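# Examination of the molecular architecture
Take a look at the letters that make up each chain.
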Amino acid sequence: MALSPEKVSELKQIIHTHLSQMDVQSRIRDILSENVRGDEVLHPDNLSEEELLFALRQKGVVDEVMQQLQFERAEKPYDEMGYGHAHKRATHFVDKDEYATSAKLKYLFPANVDPTRRYLYLQVSGGKAFLEHFDEPEPLPGQIAATFTLHIHFRGQRFRSRPVPCACEPAIQEGFLLELHKDSSGDGSRMANNTTMLSICDPVHLVLVKTDVNGDSHLIASHNLEWRSALTSKQNRINTAIELKGVGAENKVPVGLLEIQMQLIPKTPEVLAGDIITAQISLERGKQAERERLFLVYAKQWWKEYLQIRGTHSQRLVKIFAQDENGTNRPVCSYLKPLRAGRLLDTPRESARFVSLIGYEKVLTVGGGEKGEQWTTMHAFLCRNKGDCEDHAILLCSLLLGFGLDAYVCVGTKAKGAAHTWVVTIGPDGLITFWESLTGHRYIHRAVNPNDPPAVPQPKANHPYRTIGCVFSHQAFYANCQPTDSVDVCLFDLTNESQWKAMSEDAIRSVCGLGASPLWPTLPPLCAPTLDAALISNDLEQELRSLVSQHRRDQGLGTLWDDQLSYLLTPALAAYETERVTGLSVGNEEFQQAIRRAVPDGHTFKGYPIQFVHRNPRKAFASCLKSPVCDEIINCRGDHVRLAVRVRVYTYPESAASVWVMFASKYKSIL
């Protein structure tokens, strides 16, 4: 079978790269000079290609090259979560001699690299000392076990490992090919040299997530890996062990070790001294520490001036700094950056719907009790696919900023006095809109004028917020200095110094601007949805049918399903999801007409829709039984009882999904 010109070119690049790494050209020159000096047959005047190949075969060079050039095609250009490069397949060759350190694994070395680009190959060869899982029993065949998954983010590139069973020594054995100058073509598309790589201060962000047998995810560790030590090795390859620390209140406690190997591809002609790398890193961290120190001095003075305006300001929720999962204090503005979703999300309202589908979980201190202080970095939040209200609000605000809106994160309290964060957008015409990131709901804010006489009608608040202390974006911070911090009377003219005290934009930019703090992870791109919505919908529907039939059997009831009635429920579920995305109520007249025609005279129809953000059928069924209406439908008794259930799954980025379930029944009414 003939290869396309593109495949031929790719194959030539692979062979050229491999021959260069084996230093075959130098060996050919040595063999040629040796035979020219020692053999009259191979005289330079009558030397032919066949004679040269014969000499190379005798020396074993050809056999060595052919043995190592073994190509293997990956099954998928990216994994089930959408991580990796979706535009090309990953071609590998097996280097049995140099890279195989385990009898259980032949390391696959990526070979479809652009020879004009520089790459970092990160090889994870296993984990050790995860003592929390020392007595973890091995799962039986077919049994679901808790798993570890390692996520990687570097300069806009995201990858993840295959899930492996949790153990004291988890078998995490993966390789990740990271392009060093991903976002720029370099100087005339030239390969990055040592000077360029030395200036790339972005760390490789590693996130370890545990998924238990119930499908719940837990953030185990978040680590920033300094990769530039590979520049000090003659082979541009270095082996090391990373000590992973816990998160939150356990950020000082080791959770385990990861054994990794870092290698630059292709090799650099020169090797940097270790003291150069150390000096560069010390210089960068010294500059960042100085910027943070100056900002802290400014923030203290700014806070002192804010308290002088009114003594009660000390009781307002003005959040200037927040701790991330590693216990690092960062200005809240540093958590935000405009985030563009590409073609994954089309509208700001669809973005709000997507964020609301990510799981919500409060961060609790060890032993329970009050809510802990932890603002998770964006990459860790997306990998875990679960977080607190601050994480949701930051993601939503970043997406709205990416859509060009004037968006801010609000810090305040809800109706019951609990601390809360949400998002506000300010329109050019002064329209104030609150966005609740946990539900996707939007509220138009119209302030009450407390100076109006009682006869003047005032707008009624339809939002759940009570007080507001401050608002901030990626380049601005404002503290509420109005007489009261009540949201109902709050005005959002941020340029009015009598209402809002602003921080210096230059001061914020010094610590939150582009490249100001390289140790703080940047926002990762969103991953496209890879779930098969139709397949998941069908599987969940069959599971729910089985659960309902078993439940009715335990009650001594038979179950007859009406497939046609089940299908007729689909338009209603589509209308519900459309309304959640757009905020507009769509017509359901056709659904109502179809139901009237499907239910005979003298029969009664009952339906109950419910929406979930998970895909666990047993958990969904248990939730449905808690509703009196749904319980009445599932346990329906009477003449000519027919049951129906319809499941419709709508997929979003980051494997988020909106799962709509509707139970229905029709039966003959008895007068």
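Presented here is a report on the structure given in the accompanying data block. (Residues numbered from 1 in each chain as written. Predicted model: local features only at pLDDT ≥ 70, side-chain atom pairs only at ≥ 80, totals over all residues. Heavy atoms only, no water.)

## With respect to the overall build of the protein
Inclusion rule: Secondary structure is summarised from DSSP: a helix means a run of H or I of at least four residues, a strand means a run of E of at least two, and numbering begins at the N terminus for each. Each residue is assigned to one of three classes by its accessible area relative to the maximum for its type, calculated with a 1.4 Å probe on protein chains only: buried under 20%, partly exposed between the two thresholds, exposed over 50%. Any two residues whose heavy atoms approach within 4.5 Å are treated as being in contact. To measure how exposed things are, a 1.4 Å probe is used in the Shrake-Rupley method; for residues, cover is taken only from the protein chains shown.
Secondary structure assignment for the protein yields 16 helices and 26 strands. When burial is assessed residue by residue, the protein has 45% of its 671 residues classed as buried. In the protein, 66% of the contacts between residues at least 6 apart in sequence involve partners at least 24 apart. When the accessible surface of the protein is split by element, carbon and sulfur atoms take 52% of a total near 34400 Å².

## Description of the packing of helix α7 (residues 348-356) against helix α9 (residues 389-402)
Test applied: Inter-axis angles, ranging from 0 to 180 degrees, are taken between N-to-C directions of lines fitted to C-alpha atoms, where helices are fitted over the stretch in contact. Just so you know how the angles are binned, under 35 degrees is roughly parallel, over 145 roughly antiparallel, 65 to 115 roughly perpendicular, and the rest oblique. Less than a right angle of anticlockwise turn of the near helix away from the far helix marks a crossing as left-handed, whereas a clockwise turn marks it as right-handed. Ten residue types, Ala, Val, Leu, Ile, Met, Phe, Trp, Tyr, Cys and Pro, are classed as nonpolar, four, Asp, Glu, Lys and Arg, as charged, and the remainder, Gly among them, as polar.
The interhelical angle for the contact between α7 and α9, taken along N-to-C directions, is 160°, at an axis separation of 10 Å. Judged by the angle between their axes, α7 and α9 are roughly antiparallel. Between α7 and α9 lies a crossing whose hand is right-handed. In this structure, α7 uses P348, S351, A352, F354 and V355 to contact α9, whose residues at the interface are H392, L395, L396, L399 and L400. Broken down by class, the residue content of the contact of α7 with α9 amounts to 8 nonpolar, 2 polar and no charged.

## What about unusual backbone geometry?
Along the chain, I265 connects to P266 via a cis peptide bond; the corresponding omega equals -10°. Looking at the secondary structure, you find P266 in the loop between β12 (254-265) and α6 (274-309). Its identity is not glycine, yet E654 carries a phi of approximately 60°, on the positive side. Within the fold, E654 resides in the loop between β25 (639-651) and β26 (657-668).

## Remarks on the sheet that holds strand β22 (residues 477-480)
Across a sheet, strands are paired by hydrogen bonds formed along the backbone, either parallel or antiparallel in direction. The condition that has to hold: At least two DSSP bridges between two strands are needed for those strands to be called paired.
With respect to topology, 7 strands assemble into an open sheet ordered β20-β19-β18-β17-β21-β22-β23, the strand pairing being antiparallel. The open sheet terminates on both sides in strands that have one partner only, identified here as β20 (442-445) and β23 (500-502). With direction set aside, neighbouring strand axes in the sheet form an average angle of 35°. Where β22 lies against β23, 3 bridges are found, and the strand directions are antiparallel. Of the residues in β23, the one forming a bridge with Y478 is A502. Contacts from α6 reach β21 (465-472), β22 and β23 within the one sheet, and its direction differs from that of β23 by about 160°.

## Regarding the pattern of salt bridges
Threshold: We define a salt bridge as a side-chain nitrogen of Lys or Arg found within 4 Å of a carboxyl oxygen belonging to Asp or Glu.
In this structure the tally under the stated criterion is 19 salt bridges. Here R228 ties to E226 by a salt bridge, and the two come within 2.8 Å at their closest N and O atoms. In this structure E226 comes out as partly exposed when scored by relative accessible area, which is 22%. Of the charged contacts, one joins K386 and E361 as a salt bridge, the two residues approaching to 3.8 Å between their closest N and O atoms. With a gap of 25 residues between them, K386 in strand β16 (residues 386-387) and E361 in the loop between β15 (359-360) and α8 (378-384) connect regions that are remote in the sequence. A single network of salt bridges, built from pairs that share partners, joins E226, R228 and E284.

## Digging into the layout of surface pockets
The method is simple in principle: a probe with the dimensions of a water molecule rolls over the atoms, and the space it marks as empty is what remains. The condition is simple: The distinction between a cavity and a pocket rests on a 1 Å grid over the protein atoms alone: a 1.4 Å probe fits inside a cavity but cannot get out, while a pocket stays open yet meets protein on both sides within 12 Å along at least five of seven lines, and a residue with an atom within 4 Å of a point counts as lining. Grid points are joined across faces, edges and corners, and a volume is the space filled by probe spheres set on the points.
Volume-wise, the largest pocket comes out at about 1700 Å³. Considering the residues around the largest pocket, the lining is formed by 46 residues, among which N214, G215, D216, H614 and R615 are closest to the centre. For the lining of the largest pocket, the element with the highest residue contribution is helix α11 (residues 533-554), accounting for 5 residues. Tallied by class, residues from the lining of the largest pocket come to 20 nonpolar, 14 polar and 12 charged.

## A few points about the environment of L307
Within the element layout of this structure, L307 appears in helix α6. Each C-alpha atom of the pair L307 and C481 lies 9.5 Å from the other, and the pair is 174 residues apart in sequence. In contact with L307, not counting residues within four places along its chain, are H313 and S314.

## Considerations on the environment of L198
Summarising the element assignment, L198 is placed in helix α5 (residues 194-199). As for L198 and I281, which are separated by 83 residues in sequence, their C-alpha atoms are 9.2 Å apart. Residues in contact with L198, not counting those within four places in the same chain, are R228, L231, L272, I276, I277, Q280 and E284.

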